[in-house]
2 protein chains.
Amino acid sequence: MPKRTDVSAVDTVACVGAGVIGGGWVAHFLAKGFRVLAYDPAPDAAGRLARIVDAAWPALTALGLAEGASRDNLTVTATLAEAVGPAGFVQESAPEKLDLKQELLAEIDAATPSDVVIASSTSGYAMSEMQVAAAAPERLVVGHPFNPPYLIPLVEVVGGRLTEPWAVEEAAAFYRHVGKSVITMADELPGFIANRLQEALWREALHMVANGEATVEQIDTAITEGPGLRWPVHGPCLTFHLAGGEGGMAHMLDHFGPSLKSPWTRLDAPELTAELRDRMVEGCEDEAGGRSIAGLVAERDRAIIAVQRAVEGARDA
Amino acid sequence: MPKRTDVSAVDTVACVGAGVIGGGWVAHFLAKGFRVLAYDPAPDAAGRLARIVDAAWPALTALGLAEGASRDNLTVTATLAEAVGPAGFVQESAPEKLDLKQELLAEIDAATPSDVVIASSTSGYAMSEMQVAAAAPERLVVGHPFNPPYLIPLVEVVGGRLTEPWAVEEAAAFYRHVGKSVITMADELPGFIANRLQEALWREALHMVANGEATVEQIDTAITEGPGLRWPVHGPCLTFHLAGGEGGMAHMLDHFGPSLKSPWTRLDAPELTAELRDRMVEGCEDEAGGRSIAGLVAERDRAIIAVQRAVEGARDA
């Protein structure tokens, strides 16, 4: 096992791939005060990267830049080795093609110091599938961000079969150090967690559009004017905990449980066993952490009003 | 066809059912300055209603009450007829049981003046299923709100096979008059639009918890720290329009289209035909209404920052 890195001592990050996600990571690390070495084989990579960083900079400036943060700390390198060789952390954000990811991660691995963690932004491949060609697969992890990576806190971290636990822990520690909210997953679940949730919703939306049941605009309005206003404050479980009134999730499942048999989506529901019911109820109680339903309702109400005002203020006129 | 009501002349609303949703509607109509007549057969209905309205009132006061709005404008009646007889609009929010809804809507219909629209808050039944026992089914519509009805703007409006178009139009006009965002649906889609989207996500979440793939808290965190921060400003379609970078939805579908075959959710995706692709692309372009990707990115970024700050400020310490 290599010597563990002090994540707070990392001052240089390599970003491989300069698309929407890779460019977003570049903007994030620059705003956090890092020196960023970026590599992308596309001929217009530097220009595209500059446009992404320039577009993100007003938001990042409004959020507050770290001491010493500057767009001048970005270097677009001519070769992969020049980017990853001096890096204390590597973030790969290449296109979602498995053979490309396999080859690229092997190349990155070969050119990166052995004690440095290499994370992939993949939105769906398992690291077990991607790490097969690397000589040192034990330091390869998934670090899956959300667009835009410079604003959305969530990063899902999970290793593959050949990944050592220290690499997963170090990736999680580094992301937290740079201001991210980390979910460390014990197992490789296809699509991870957030994408599975979002993808279920997205596929239902595509079915509706394909069948002429709703328009693109109706779908977007249904979310932005509806449940989308609740989700920044309480996730789907805690939201339904409140839908149960004073009885919480237990009442909600007992009352609406039968609707899991209704054709409200093309996705079949699991059997609502006593065990699943109890797991949902206990999970909500754990998450509420002693806060009463009335307290959560008041919190939700304040948040919905504040979110609506925030969005109104941020919209283009 | 009855004489069309001037929705702005309605000053009295009847709310039948005093659970979380019915009570939320009562709070909404009180805050908008209406006289509200509420009926619920439960023995503790008045007390429960008072608690719901009291809990909502600070948020509604912060939002701004209409002229003359007061909690004193609520009367809990002893009979159904006393509630609906004097009403200019009726909102039914009884428990989700089909036979109960069928009987109750027939009773409401019998006691309500013939030119008054009767709307059901049902979260999933089709009005065609519910209106079968009513003598005047032509003025029965679905007006499906989201919890809490006094804050979330969305109301989905749809009629049944026996509903006349004037009733659908009048319900939509009345809801808009009281500050709601209305989606009028042409056809009865089980679960309507927002619930289908939300239900797909919810069922995927239940599967994950049932299989030990994620905890309740991980699911909620995945949304509140992830895609949930984008959805108040841009719905799922416009969000993915931006995930495509400068190429928008067209690039996104061409690049991520193959992932619709991936097991990222238990919900099978539709075939991504050229027709569906074009419908998604054109829908996003219509919705963007000439706004550039760069303009939408800037709007999204401002909104995400503002939403995060809003939620932080609203959270319990």
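Residues numbered from 1 in each chain as written. Chains lettered and ligands numbered in written order. Predicted model: local features only at pLDDT ≥ 70, side-chain atom pairs only at ≥ 80, totals over all residues. Heavy atoms only, no water.

Convention followed: UniProt positions are given in the numbering used here, feature names are shortened, and annotations may be inferred rather than shown by experiment.
With an unreviewed UniProt entry as reference, chain A is termed 3-hydroxyacyl-CoA dehydrogenase NAD-binding domain-containing protein, source organism Amycolatopsis minnesotensis. Per UniProt, chain A carries the Pathway (unreviewed entry) text "Lipid metabolism; butanoate metabolism." Turning to chain A, the UniProt annotation filed under Sequence similarities (unreviewed entry) states: "Belongs to the 3-hydroxyacyl-CoA dehydrogenase family."

## Observations regarding the sheet that holds strand S3 (residues 74–76) of chain B
Strand pairing in a sheet is mediated by backbone hydrogen bonds. Such pairs are either parallel or antiparallel. Residues and elements named next belong to chain B. To keep it simple, the criterion reads: By definition, two strands form a pair when at least two bridges between them are found by DSSP. Helix numbers and strand numbers start at the N terminus; a helix is a DSSP run of H or I with at least 4 residues, a strand a run of E with at least 2. Axes here mean lines fitted to C-alpha atoms, for a helix over just the part in contact, with angles spanning 0 to 180 degrees between N-to-C directions. Between two residues, a contact is recorded if the distance between any of their heavy atoms is within 4.5 Å.
Taking strand neighbours across the sheet as the criterion, the 8 strands line up as S3-S2-S1-S4-S5-S6-S7-S8 in an open arrangement whose pairing is mixed. This sheet does not close on itself; its edge strands, each paired only once, are S3 and strand S8 (181–184). Along the sheet, successive strands turn relative to each other by an average axial angle of 25°, direction set aside. In this fold helix H6 (residues 165–177) packs onto strand S1 (12–16), strand S4 (89–92), strand S5 (118–120), strand S6 (140–144), strand S7 (154–159) and S8, with an angle of close to 170° to the strand it touches most, S7.

## Focus: unusual backbone geometry
All names here are of chain A. The peptide bond linking Asn 147 to Pro 148 adopts the cis configuration, its omega dihedral lying at 0°. Turning to its location among the elements, Pro 148 is positioned in the loop between strand S6 (140–144) and strand S7 (154–159). A positive phi is found at Phe 192, a non-glycine position, where the angle reads about 60°. Along the chain, Phe 192 turns up in the loop between strand S8 (181–184) and helix H7 (194–210).

## Section: H7(A)
The condition that has to hold: Multiplying one less than the number of residues by 1.5 Å gives the expected span of a helix. Note on classification: 1.4 Å probe, protein chains only; a residue is buried when its accessible area is under 20% of the maximum for its type, exposed when over 50%, partly exposed between these limits.
In a regular helix each residue adds 1.5 Å, so 17 residues correspond to 24 Å; H7(A) covers 24 Å between its end C-alpha atoms and thus fits that length. Counting buried residues in H7(A) gives 16 out of 17 residues, a clear majority hidden from the surface.

## Some details on the nonpolar core
Put simply, the rule is: Only buried Ala, Val, Leu, Ile, Met, Phe, Trp, Tyr and Cys residues count toward a nonpolar core, and they belong to the same one when joined by side-chain atoms within 4.5 Å.
One finds Trp202(A), Met280(A) and Met280(B) to be the most contacted residues of the largest nonpolar core, which totals 212 residues. Filtering out sequence-adjacent residues up to four positions away, Met280(A) remains in contact with Cys237(A), Met249(A), Leu253(A), Trp202(B), Leu206(B), Val209(B) and Val216(B).

## Digging into the relation of the copies chain B and chain A
Stated precisely, the cut-off is as follows: What sets the superposition is a least-squares fit of C-alpha atoms, and only residues with pLDDT of at least 70 in both copies go into it.
Structural alignment of chain B on chain A gives an RMSD of 0.0 Å, achieved by rotating through 180° and translating 0.0 Å along the axis. The two molecules are tied by a two-fold rotation axis, judged by turn and shift.

## Focus: the pattern of salt bridges
We apply this condition: Just to be clear on terms, a salt bridge is a Lys or Arg side-chain nitrogen sitting within 4 Å of an Asp or Glu carboxyl oxygen.
Applying the stated rule across the entire model yields 32 salt bridges over all chains. With its nearest N and O atoms 2.7 Å apart, the salt bridge here joins Glu92(A) to Lys101(A). The exposure class of Glu92(A) is buried, given its relative accessible area of 0%. Note on Lys101(A): relative accessible area 0%, which makes it buried. The residue Glu275(B) makes a salt bridge to Arg279(B) at a minimum N-O spacing of 2.7 Å. Remark: Arg279(B) and Glu275(B) occur in helix H11 (residues 274–288); sequence separation between them is 4 residues, near one turn of the helix. By relative accessible area, Glu275(B) is classed as exposed at 54%.

## Some remarks on the packing of helix H9 (residues 236–243) of chain B against helix H12 (residues 293–314) of chain B
All names here are of chain B. Put simply, the rule is: The handedness criterion is simple: a crossing whose near helix is rotated anticlockwise from the far helix by less than a right angle is left-handed, and one whose near helix is rotated clockwise is right-handed. The residue classification treats Ala, Val, Leu, Ile, Met, Phe, Trp, Tyr, Cys and Pro as nonpolar and Asp, Glu, Lys and Arg as charged. All others, Gly included, are polar.
Between H9 and H12, the shortest axis-to-axis distance is 10 Å and the interhelical angle comes to 115°. As for how H9 packs across H12, the hand of that crossing is left-handed. From H9, Leu 238, His 241 and Leu 242 reach across to H12, where they touch Ile 293, Leu 296, Val 297 and Arg 300. Considering only residue class, the contact of H9 with H12 consists of 5 nonpolar, 1 polar and 1 charged.

## As for the UniProt feature "domain: 3-hydroxyacyl-CoA dehydrogenase NAD binding" (unreviewed entry) in chain A
Within this numbering scheme, the UniProt entry marks residues 12–187 of chain A as carrying the feature "domain: 3-hydroxyacyl-CoA dehydrogenase NAD binding" (unreviewed entry). Span residues 12–187 of chain A is 38% helix and 20% strand, its end C-alpha atoms 30 Å apart.

## Some remarks on the environment of Ala136(A)
Residue and element names in this part refer to chain A. Residue placement: Ala 136 occurs in the loop between helix H5 (127–130) and S6. The exposure class assigned to Ala 136 is buried, which follows from its relative accessible area of 16%. For Ala 136 and Ala 45, which are 91 residues apart along the polypeptide, the C-alpha to C-alpha distance reads 28 Å.

## Focus: the sheet that holds strand S4 (residues 89–92) of chain A
All names here are of chain A. The mixed open sheet is built from 8 strands, whose spatial order is S3-S2-S1-S4-S5-S6-S7-S8. Two strands bound the open sheet, and with one partner strand each, they are strand S3 (74–76) and S8. On average, each strand axis in the sheet is tilted by 25° relative to the strand beside it, whichever way the strands run. Inspection of the sheet shows S4 paired to strand S5 (residues 118–120) by 3 bridges, in the parallel sense. Across the sheet, residue Gln 91 finds its bridge partner in S5, namely Ala 119.

## Some thoughts on the interface of chain B and chain A
Cut-off, in case you're wondering: In short, buried area is how much 1.4 Å probe accessible area vanishes from two parts on joining, totalled over both.
Between chain B and chain A, the residue contacts involve 117 residues of the former and 116 residues of the latter. It is Trp202(B), Arg203(B) and Trp264(B) that lose the most area in chain B upon contact with chain A, and together they represent 8% of the buried surface on that side. Seen at the junction of chain B and chain A, the total is 4 salt bridges. Residue Glu204(A) is joined to Arg196(B) by a salt bridge in which the shortest nitrogen-to-oxygen separation is 2.9 Å.

## With respect to the UniProt feature "domain: 3-hydroxyacyl-CoA dehydrogenase C-terminal" (unreviewed entry) in chain A
The positions UniProt marks with the feature "domain: 3-hydroxyacyl-CoA dehydrogenase C-terminal" (unreviewed entry) are residues 191–259 of chain A. When the span residues 191–259 of chain A is considered, its composition is 62% helix and 0% strand, and the gap between its end C-alpha atoms is 26 Å.

## Thoughts on the pairing of S7(B)
Note on strand geometry: in a regular strand, side chains alternate between the two faces of the sheet. All names here are of chain B. In terms of burial, S7 is largely enclosed, as 6 of its 6 residues are buried. Residues Leu 154, Glu 156 and Val 158 point to one face of S7 and Val 155, Val 157 and Gly 159 to the other, with burial holding for every one of them. As paired elements, S6 and S7 share 4 bridges and run antiparallel to each other. Bridging across to S7, His 144 finds its partner in Glu 156. Where S7 lies against S8, 4 bridges are found, and the strand directions are parallel. Its bridge partner being in S8, Glu 156 is matched across the sheet by Ile 183.

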